[in-house]
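A closer look at the structure
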Amino acid sequence: MNDRAVALLEQYEIEVLRTRKGRGAILCDTQQGCLIFKEYTGREEQLRLQEQVLKHLEACGNISAERLLATREGALSVMDRDGVRYILKTWWEGRECNIRDREECMEAMRLLAGLHKDLEFIPTFPEMEGIPTPVIRRFLPSREYEKHNKELKRARRFLKQRSQKTWFEIRLAAVMDPFLEEAGQICEEWKKIENSHDVEEGETFCFCHGDYQYHNILRQDRGFFLVNFEKCQADGPIRDLYLLLRKLLEKSDWDCNRGEALLAAYESVRPLNPFERQDLFYRLSYPEKLWKIVNFYYNSGKAWIPEKNQEKLDRLLEQETARKKFLRILRP
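Residues numbered from 1 in each chain as written. Predicted model: local features only at pLDDT ≥ 70, side-chain atom pairs only at ≥ 80, totals over all residues. Heavy atoms only, no water.

By the naming in an unreviewed UniProt entry, the protein chain is Phosphotransferase, taken from Waltera intestinalis.

1. Details of the overall build of the protein chain
Note the following rule: Strands are runs of DSSP state E lasting at least 2 residues, helices are runs of H or I lasting at least 4, and numbering of each runs from the N terminus. Categorising residues by exposure relies on relative accessible area from a 1.4 Å probe, with only protein chains included: less than 20% of the type maximum marks a residue as buried, more than 50% marks it as exposed, and the intermediate range marks it as partly exposed. Reported accessibility uses the Shrake-Rupley method at a 1.4 Å probe radius. Residues are deemed covered only where the shown protein chains occlude them.
For the protein chain, the helix and strand inventory stands at 10 helices and 12 strands. A burial count over the protein chain gives 51% of its 332 residues as buried. For the protein chain, the accessible area works out to roughly 17,000 Å², and carbon and sulfur atoms hold 47% of it.

2. Section: the packing of aromatic side chains
As a reminder, the rule being used: Ring geometry is summarised as follows: Phe, Tyr and Trp rings, the Trp one being its six-membered ring, pair when their centres sit within 6.5 Å, and such pairs are stacked at plane angles under 30 degrees, edge-to-face over 60 and tilted between the two. Two conditions define a charge sitting above a ring: the NZ of Lys or the CZ of Arg must be within 6 Å of the ring centre, and it must be within 35 degrees of the ring normal.
Under the criterion given, the structure shown has 12 aromatic pairs. Aromatic rings pair up to connect Tyr145, Trp190, Phe281, Tyr282 and Tyr286 into one cluster. Of note, Arg219 hangs over the ring of Phe224, and the distance from its end group to the ring centre comes to 4.8 Å. Over the face of the ring belonging to Trp92 we find Arg222, whose NZ or CZ atom lies 3.9 Å from the ring centre.

3. A closer look at the packing of helix H9 (residues 288-298) against helix H10 (residues 307-330)
Put simply, the rule reads: Axis definition: a line fitted to C-alpha atoms, limited for helices to the stretch in contact. Angles are taken between N-to-C directions and run from 0 to 180 degrees. Reported orientations rely on four angle classes, namely roughly parallel under 35 degrees, roughly antiparallel over 145, roughly perpendicular from 65 to 115, and oblique for the rest. For any helix crossing, the convention is left-handed if the near helix is rotated counterclockwise from the far helix by under a right angle, and right-handed if that rotation is clockwise. We call two residues in contact when some of their heavy atoms are within 4.5 Å. The residue classification treats Ala, Val, Leu, Ile, Met, Phe, Trp, Tyr, Cys and Pro as nonpolar and Asp, Glu, Lys and Arg as charged. All others, Gly included, are polar.
Direction vectors running N to C along H9 and H10 enclose 160°, while the axes themselves pass 10 Å from each other. In this view, H9 runs roughly antiparallel relative to H10, as classed from their interaxial angle. The crossing of H9 and H10 is left-handed. Mapping the contact onto sequence places Lys289, Leu290, Ile293, Phe296 and Tyr297 in H9 and Asn309, Lys312, Leu313 and Leu316 in H10. Looking at the contact of H9 with H10 residue by residue, the class counts come to 6 nonpolar, 1 polar and 2 charged.

4. Quick notes on helix H4 (residues 142-161)
Rule in force here: How far a helix is expected to stretch is found by multiplying one less than its residue total by 1.5 Å.
Compared with the 28 Å implied by 1.5 Å per residue over 20 residues, the 29 Å span of H4 between its first and last C-alpha is a close match. Turning to H4, its buried residues number three or more, namely Ser142, Tyr145, His148, Asn149, Glu151, Leu152, Ala155 and Leu159. Contact partners of the buried residues in H4: helix H5 (167-196), helix H6 (238-251) and H9.

5. Quick notes on the environment of Tyr298
Inspection of the secondary structure assignment puts Tyr298 in helix H9. Since its relative accessible area comes to 24%, Tyr298 is described here as partly exposed. The sequence separation of Tyr298 and Arg154 amounts to 144 residues, and the corresponding C-alpha distance is 9.0 Å. When near neighbours in sequence (up to four residues on either side) are disregarded, Tyr298 contacts Arg154, Ala155 and Phe158.

6. So, H5
This is how the line gets drawn: Note on bend: the value at a residue is the angle between axes fitted to the seven residues ending there and to the seven starting there.
Spanning 30 residues, H5 covers 44 Å between terminal C-alpha atoms, matching the ideal 44 Å at 1.5 Å per step. In the structure, H5 departs most strongly from a straight axis at Met176, where the bend amounts to approximately 40° and where the proline Pro178 lies between one and four residues downstream.

Set out below in structure tokens:
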């Protein structure tokens, strides 16, 4: 971020005492505390939605989260002469949630449940004045995973036609069929559930963080502080819960006891209904980690394959038995 971008801070009603570089952003020490100035590539409509969600959280007073700052003219973003847009937000300086610390992870789960309770709404959310009614993605993401399945099949055809394979490609080709069969079966079951599930009048939805993972959960003496709500959207709460739970389970080799404890921590604040539990089961059942490995491989140059790809594939295969064991416990 260059000096021209820093000059844009003059459009805000703040007194900047000093600036310093952060991770892809500029940290600003001001009389109002520490702020962060960063690039924004999303839509203006999404930014206005983010502002309203964060204002609602602040009004509830239960969770510490970032807040968007507007310019003197009331704009939520500023643009430099090259057309690059920036936003200014409040910031706490702290460390990321420690995924090796069991109690911190449990607290992060309880915090997520509290976030979902604060952001629950009936489709006519009063704070959303002036913003088009958000699309409610309450059903399971079968379309997204059908697309993933097509990509997996395309990669499988490529591997079969490739004459000289690396060790990674040989190992990947050997496991593609069983994973694809599993992915196809899960999609078919999801579609049946999706077609048979009727949304009841008055059913509660919520706004999700959209990217609730340990990188966006900051810790300091005052507690946790949530950041990076740029992907917030209206959806079922399982969207957030699945993302964090899968990450934590992968880091713990799908330890069943830890998985059950993490889920119990969430439900101690916000119990899951039967449909949500079913939703979580199918999301965790889909082999998304394999799709990510394949997608990275297929869409990158194949002349040289990073050793990290092989390590990720080996770890995935090593964890498969433990993953299946946890899914048997979770199955509705």
